[in-house]
Amino acid sequence: MRKLVVAIALTVFAGIAGAQAQTYPSRPVTIISPFPPGGSTDTVARIMAERMRPLLGQPVIIENIGGAGGSIAVGRLARAAPDGYTIDLGQWDTHVGNGVVYPLTYDLQKDFEPIGLLSINPQLILGKKALPADDMKGLVAWLKANPGKATFANQNAAAAVAGVLLQQLTGTQVLFVPYRGGGPAMQDLMGGHVDLLVIQAAAALPQVRAATVKVFANMSASRSSVVPDIPTADEGGVPGLHVAGWFGFFAPKGTPKEIIAKLNAAMVQVLAEPAVRARFSDLGLDIASREPQTPEGLAAFHKAEIEKWWAIIKAAGIKAE
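The notes below deal with the structure included here. (Residues numbered from 1 in each chain as written. Predicted model: local features only at pLDDT ≥ 70, side-chain atom pairs only at ≥ 80, totals over all residues. Heavy atoms only, no water.)

Topic: the overall build of the protein
Along its length, the protein carries 11 helices and 10 strands. What you see for the protein is a C-alpha radius of gyration of 21 Å, in line with the 20 Å of a compact globule of 321 residues. C-alpha atoms of the protein, sized along the principal axes, occupy 80 × 45 × 30 Å. Out of the 321 residues in the protein, the part that is buried amounts to 52%. Roughly 14,200 Å² of accessible area belongs to the protein as shown, and the carbon and sulfur atoms make up 57% of that amount. With 28 positive and 25 negative side-chain charges, the protein shows a separation of 3 Å between the mean positions of the two kinds. (Helix = DSSP H or I, 4+ residues; strand = E, 2+ residues; numbered from the N terminus. Rg over C-alpha atoms; globule rule 2.2 N^0.38 Å. Buried < 20%, exposed > 50% of the residue type's maximum accessible area, 1.4 Å probe, protein only. Areas by Shrake-Rupley, 256 points an atom, 1.4 Å probe, with all protein chains shown as cover. Lys, Arg positive; Asp, Glu negative; His and termini not counted. Charge placed at Lys NZ, Arg CZ, Asp CG, Glu CD.)

Shown next, in the form of structure tokens:
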């Protein structure tokens with residue numbers, strides 16, 4: 001009798017979930033942006049919200065939640081109902097780096113459902129104008145000739161792990177200088193007060209184009225369509241120096257697969273629009289290839305990122321400033 005009751009209950013719950021998926025969405029959908037308004041995360045969230053709105057047939061609202069490197073926002077997602085009405089625009093910092101840097105109340109590997117990868121965000125390694133090197137080979141030679149003397153702007157966890165990986169792969173040593181953000185770090189780089197900076201291409205393009213800083217490499221695994229003339233670190237003689245940001249949509253654990261599929265379909269359709277692709281390019285973002293745009297593709301990508309970076313972050317002892 002008990003088995004019959006359980007079976008009936010499971011059937012009822014499955015029916016309710018199926019009905020929810022069929023009528024979804026019937027009210028506004030919220031995209032959590034884990035940083036304050038004005039940055040690239042907020043901009044991408046608003047682009048996607050605007051274009052997904054007519055596809056979903058409901059308003060798509062942006063909720064900006066700052067603090068603790070984005071971990072507060074992701075905690076809000078972890079506590080949200082798994083009904084497809086709350087998703088977040090995750091990225092390297094919030095869904096990889098924070099797993100080691102901050103004490104979290106949720107599990108980045110178990111508490112979320114991947115929806116799809118939106119973009120790869122190239123990171124550039126820059127130097128001050130007066131630095132006596134013009135390419136990666138010259139930079140490595142200069143670093144080896146001046147062990148521990150080169151100042152490296154450390155404005156976030158991604159920059160910190162990039163600096164650690166640079167040291168490991170080249171047998172060099174830099175002096176990390178903490179900064180509260182990429183803006184102040186860029187200002188000091190242009191002013192010649194710091195030697196090196198790793199920062200997202202979107203934040204560096206104006207200075208690169210104006211030649212107010214030196215650019216040594218794009219730290220993606222392949223050349224970017226956004227900055228096609230900038231060689232990769234591999235091409236520059238430092239194979240494996242791969243550090244790239246990314247944006248991806250995640251939902252709370254337990255969100256029905258049918259709802260995930262609807263959100264993914266809207267996301268994929270938006271990313272295929274020429275106007276959106278042009279806007280992403282203007283922001284210095286490479287739209288992800290088709291395979292990782294799927295839930296399964298993002299799941300595999302996310303797993304690989306965690307396996308690669310958690311070991312590096314732990315070994316380097318990187319913590320929140």
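Read on for the rest.
Quick notes on the nonpolar core
Of all hydrophobic cores here, the largest spans 51 residues; its most connected members are W92, I125, M136, L139 and W309. With 8 residues, helix α6 (residues 157-170) is the largest single contributor of residues to this core. M136 has contacts with I125, L166, F216, A217, G236, V238 and L241, leaving out every residue within four places of it along the chain. Within the second largest apolar cluster, 33 residues are counted, among which are I47, L56, I62 and I287. (Core = buried A, V, L, I, M, F, W, Y, C linked by side-chain atoms within 4.5 Å. Contact = heavy atoms within 4.5 Å.)

Some points on the side chain of T94
Along the polypeptide, T94 turns up in helix α4 (residues 92-101). Exposure remark for T94: the relative accessible area of 0% places this residue in the buried category. A distance of 3.0 Å separates a polar side-chain atom of T94 from the backbone nitrogen of Q91. The residues contacting T94, other than those within four sequence positions of it, are P34, F35, G69, G70, V74 and L108. (Polar contact = N/O pair within 3.5 Å; in protein donor to acceptor, adjacent residues only side chain to side chain.)

Some remarks on the pairing of strand β9 (residues 244-252)
Counting buried positions over the 9 residues of β9 gives 8, a clear majority of the element. Direction of pairing for strand β4 (residues 112-127) relative to β9: antiparallel, over a ladder of 9 bridges. Bridging across to β9, G116 finds its partner in F249. (Pairing = 2+ DSSP bridges.)

Here we look at unusual backbone geometry
In the segment running from Y24 into P25, the intervening peptide bond is cis, with an omega of -10°. In this structure, A68 is a non-glycine residue whose phi angle is positive, near 55°. Its location among the elements puts A68 in the loop between β2 (60-64) and α3 (71-79). If you check the backbone angles, A211 has positive phi at about 60° while not being a glycine. Assignment of secondary structure puts A211 in the loop between α8 (201-209) and β8 (214-218).

Regarding the packing of α4 against α6
Packing of α4 against α6 brings their axes to within 10 Å, and their N-to-C directions diverge by 70°. Here α4 is positioned roughly perpendicular relative to α6, judged by the angle of their axes. α6 is crossed by α4, and the crossing has left-handed handedness. Residues W92, D93 and V101 of α4 lie in contact with α6, whose contacting residues are A157, A158 and V161. (Axes fitted to C-alpha atoms, helices over the stretch in contact; angles between N-to-C directions. Parallel < 35°, antiparallel > 145°, perpendicular 65-115°, else oblique. Left-handed = near helix turned anticlockwise from the far one by under 90°.)

Brief notes about the packing of aromatic side chains
Tallying each qualifying case throughout the model produces 6 aromatic pairs. Centre to centre, the rings of Y106 and F112 are 5.8 Å apart; their planes meet at 80°, and the pair counts as edge-to-face. The buried category is assigned to Y106, whose relative accessible area is 9%. Accessibility expressed as a relative area gives 5% for F112, which makes it buried. Ring pairs connect the aromatic residues W246, F250 and F301, which therefore count as one cluster. Between R27 and the ring centre of Y85, over which it is positioned, the NZ or CZ distance is 3.8 Å. (Phe/Tyr/Trp six-rings, centres within 6.5 Å; stacked < 30°, edge-to-face > 60°. Lys NZ or Arg CZ within 6 Å of the ring centre and 35° of its normal.)

A few points about the environment of V213
Mapped onto the fold, V213 is located in the loop between α8 and β8. In the structure, V213 is positioned 155 residues away from Q58 in sequence and 45 Å away in space, judged by C-alpha atoms. Beyond its immediate stretch of four places on either side in the chain, V213 contacts L126, G127, M186, L189, M190, Q207 and V208.

Some points on the environment of S26
Tracing the sequence through the fold places S26 in the loop between α1 (2-23) and β1 (29-33). Once residues lying within four places of it in the same chain are set aside, the contact partners of S26 are Q58 and Y85.

Here we look at the side chain of N121
Tracing the sequence through the fold places N121 in strand β4. A distance of 2.8 Å separates polar atoms of two side chains, one belonging to N121 and the other to S119. Excluding anything up to four places from it in sequence, N121 contacts Q200, A244, G245, W246, F247 and L285.

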